Amino acid sequence: MRPTHFFPLALTALLAITACGSTGTSTPTGNTTELTVWHYWDGNNAQVFERLAKDYERAHPRIALKIVTVPGADLLTKLQTAAASRTLPDVAIGDLVWVPRLAATGRLADLKPHIPASTWNDIYPEMLKFGSSGGKQLSIPVSANTLATMINTDLYAKAGLDPAKPPKTWEELSAAAATIKDKTGKPGFELYTQPGDSGEGVTWNFQVNLWQAGGEFLTPDNTKAAFNSEAGRKALGFWVDLIREGASPLGPWGAFEKGAAASAQEGSWMVGIWKDKPPFPFAAAPIPYPADGEPATNMGGEQAVVFSTSPHVKDAAAFLGWFSDQSLGWSKATGFLPTRRSVAGGADYLGSLDPLMKPFVEALPTARARPATPLYPKVSMAFAKEVEQAVHGKKTVDAALADAEREVNAILAAG
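The structure presented is a predicted model; accordingly, all values stated were derived computationally and were not measured.

Let's talk about unusual backbone geometry
- Located in the positive-phi region is R86, a residue other than glycine, with phi close to 60°.
- Considering the arrangement of structural elements, one finds R86 in the loop between helix 3 (72-85) and strand 4 (91-95).
- Relative accessible area serves as the criterion here: at 58%, R86 is assigned to the exposed category.
- The phi torsion at N222 lies on the positive side, around 60°, for a residue other than glycine.

Side note on the environment of L35
- Assignment of secondary structure puts L35 in strand 2 (residues 33-39).
- Sequence separation between L35 and E386 is 351 residues; the distance between their C-alpha atoms is 45 Å.
- Leave out the neighbours within four places in its chain, and L35 touches I63, A64, L65, K66, D90, H312, D315 and A316.

A few points about the packing of helix 9 (residues 200-212) against helix 10 (residues 230-244)
- Remark: helix 9 packs on helix 10, axes separated minimally by 9 Å, with the N-to-C direction vectors making an angle of 120°. For the crossing formed where helix 9 meets helix 10, the hand is right-handed. Touching V202, N205, F206, N209 and L210 of helix 9 are A231, G232, A235, L236, F238 and W239, all from helix 10.
- Among the residues forming the contact of helix 9 with helix 10, the class breakdown is eight nonpolar, three polar and no charged.

Observations regarding the nonpolar core
- One finds W41 and L236 to be the most contacted residues of the largest nonpolar core, which totals 124 residues.
- Listed in part, the eight residues of the second largest apolar core include I151, I180, A262 and A285.

Remarks on the side chain of S324
- Structurally, the position occupied by S324 is in helix 12 (residues 313-325).
- S324 sits in the buried class, given a relative accessible area of 3%.

Here we look at empty space enclosed by the protein
- Under the counting rule described, the total for this entry stands at four cavities of 30 Å³ or more.
- There is about 90 Å³ of room inside the largest cavity.
- Lining the largest cavity are 14 residues, with F189, L191, N209, W239 and Q265 positioned closest to its centre.
- Of the residues in the lining of the largest cavity, the class split is ten nonpolar, three polar and one charged.

What to know about the pattern of salt bridges
- On inspection of all chains with the given rule, the structure shows 14 salt bridges.
- Between R340 and D122 there is a salt bridge, with its nearest N and O atoms 2.9 Å apart. Residue R340 is located in the loop between helix 13 (327-334) and helix 14 (341-344), and its partner D122 is located in helix 5 (residues 117-122); the two are separated by 218 residues in the primary sequence.
- Several salt bridges share partner residues, and in doing so they unite E386, K395, D403 and R406 into one network.

Regarding the packing of helix 10 against helix 17 (residues 376-391)
- One can describe the packing of helix 10 onto helix 17 by two numbers: an axis separation of 9 Å at closest approach and a directional angle of 45°. Overall, the two elements helix 10 and helix 17 adopt an arrangement that is oblique. As helix 10 runs across helix 17, the sense of the crossing is right-handed. Residue-level inspection shows L236, W239, V240 and I243 of helix 10 in contact with helix 17, the latter providing V387, A390 and V391.
- Residues of the contact of helix 10 with helix 17, tallied by class, amount to seven nonpolar, no polar and no charged.

Concerning the confidence of the model for the protein
- Per-residue pLDDT for the protein averages 93, and the proportion of residues at 70 or more is 93%.
- Low pLDDT, under 50, characterises residues 1-20; the predicted model gives this stretch 83 contacts beyond four residues in sequence or across chains.

Digging into the pairing of strand 12 (residues 302-306)
- Among the five residues in strand 12, five count as buried, and that is most of the element.
- Judged by which residues are buried, strand 12 turns out to be covered on both faces: E302, A304 and V306 on one side and Q303 and V305 on the other are all buried.
- Alignment of strand 4 against strand 12, held across five bridges, turns out to be antiparallel. Note that in strand 12 the partner of V91 across the bridge is V306.
- Taken together, the two bridges between strand 7 (residues 140-141) and strand 12 define a ladder with antiparallel strand orientation. When the sheet's bridge partners are listed, I140 is paired in strand 12 with A304.

Observations concerning the environment of S331
- Considering the arrangement of structural elements, one finds S331 in helix 13.
- Remark: the alpha-carbon pair of S331 and L353, spanning 22 residues in sequence, is separated by 10.0 Å.
- The contacts of S331, once residues within four sequence positions are left out, are F336, L337, P338 and Y349.

Observations regarding the packing of aromatic side chains
- Across all of its chains, the model carries 26 aromatic pairs by this definition.
- Centre to centre, the rings of W41 and W330 are 4.9 Å apart; their planes meet at 55°, and the pair counts as tilted. Taken as a pair, W41 in the loop between strand 2 and helix 2 (43-59) and W330 in helix 13 lie far apart in primary sequence, 289 residues in all. For the pair W41 and W330, a shared accessibility class is recorded, and that class is buried.

Focus on the pairing of strand 3 (residues 63-69)
- Among the seven residues of strand 3, six are classified as buried, and the element is accordingly described as predominantly covered.
- Where strand 2 lies against strand 3, seven bridges are found, and the strand directions are parallel. Each residue of the ladder has a partner; that of H39, found in strand 3, is T69.
- In the classification by handedness, the crossover that spans strand 2, the intervening helix 2 and the parallel strand 3 is right-handed.

So, how was this worked out
- Residues numbered from 1 in each chain as written.
- Predicted model: local features only at pLDDT ≥ 70, side-chain atom pairs only at ≥ 80, totals over all residues.
- Heavy atoms only, no water.
- Helix = DSSP H or I, 4+ residues; strand = E, 2+ residues; numbered from the N terminus.
- Buried < 20%, exposed > 50% of the residue type's maximum accessible area, 1.4 Å probe, protein only.
- Contact = heavy atoms within 4.5 Å.
- Axes fitted to C-alpha atoms, helices over the stretch in contact; angles between N-to-C directions.
- Left-handed = near helix turned anticlockwise from the far one by under 90°.
- Nonpolar A, V, L, I, M, F, W, Y, C, P; charged D, E, K, R; others polar.
- Core = buried A, V, L, I, M, F, W, Y, C linked by side-chain atoms within 4.5 Å.
- 1 Å grid on protein atoms, 1.4 Å probe; cavity = no way out; pocket = protein on both sides within 12 Å on 5 of 7 lines; lining within 4 Å.
- Points joined across faces, edges and corners; volume = space filled by probe spheres on them.
- Salt bridge = Lys/Arg side-chain N within 4 Å of Asp/Glu carboxyl O.
- Parallel < 35°, antiparallel > 145°, perpendicular 65-115°, else oblique.
- pLDDT = per-residue confidence, 0-100.
- Pairing = 2+ DSSP bridges.
- Phe/Tyr/Trp six-rings, centres within 6.5 Å; stacked < 30°, edge-to-face > 60°.
- Right-handed = clockwise from strand over helix to strand, strands pointing away.

Below is the structure:
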């Protein structure tokens, strides 16, 4: 799992950009409207995006798209700086968790009036929460990813377990992990136990179990912590028990990916990363949830915004609406999951799907949105540090959640 702000970062391994550059897809004339688009995709993703941009220009001769790539680690800062100096592009595409911070600049345009209602109605509702503000829609989802369980089928087989019948509940996962530990000497399931430089690896993964247990991370208005609850205690207790039993290792993330643990909660992007040269035979499965709980996963991906400083808001929004309509071809060409429900459930997409991607796609209806607040990065780090204390046995579950609640509430109150 890649801790990010995950998020440039949820696809850090795929999207890390090492140099800044720009590619204008055509040369504007006096009768042409030029739209500047900043993004952080590279490699195949960037190439597919630029091909789509050229398709749009051919279909809309009045529009010229100037596509600019910016390193993923720099894009948000560059956008915030540009907002202060009023040198923003027309469009920016970045990690979905950036949207609240970009909205805080006061420079985002409302896209709702410029994109058909049929488009908005076809997008998974949870994805729209990041850009929803006061009846306005300040962003549009353009890519998605989810979490599912990935399994080292060799280690499962060595433990006498059938990888084709993976654990479906927390209880089954605990039992399987114990068997794997006993038979192979290796942990059966890897948890994210170190906050790193953002905390999000811990927080993003923990939220899945919290939601499965029926809990919430923050209150609906994002003003107070909500995780210090029965569900929160159940979820954190589950983590602590797995580690205490030796079913999950303590240490830097990566044991599963190195073949040193039998399973882990991984992102859909890992299927693409391992497609040609997997480190070991692997399978994917839905994330186990408590017997009395419900399925849930976390979502990542990119969303696009239009800046109100642009003199071409309507044209920029029209391009993004068109781009959203390309969800089928875009998803098939890049490996991103669809943002459109009609695509994810359609025979054309499903018929072309790598079987290993199936659990990630099937998880889309249960994917949840992290809190849409510009304070989320600080909240995530504060929370993750307290989880670390609990899993290392330095605090009880109750104490860790209570301390996390106090710290998170202070962050939210301070603004």
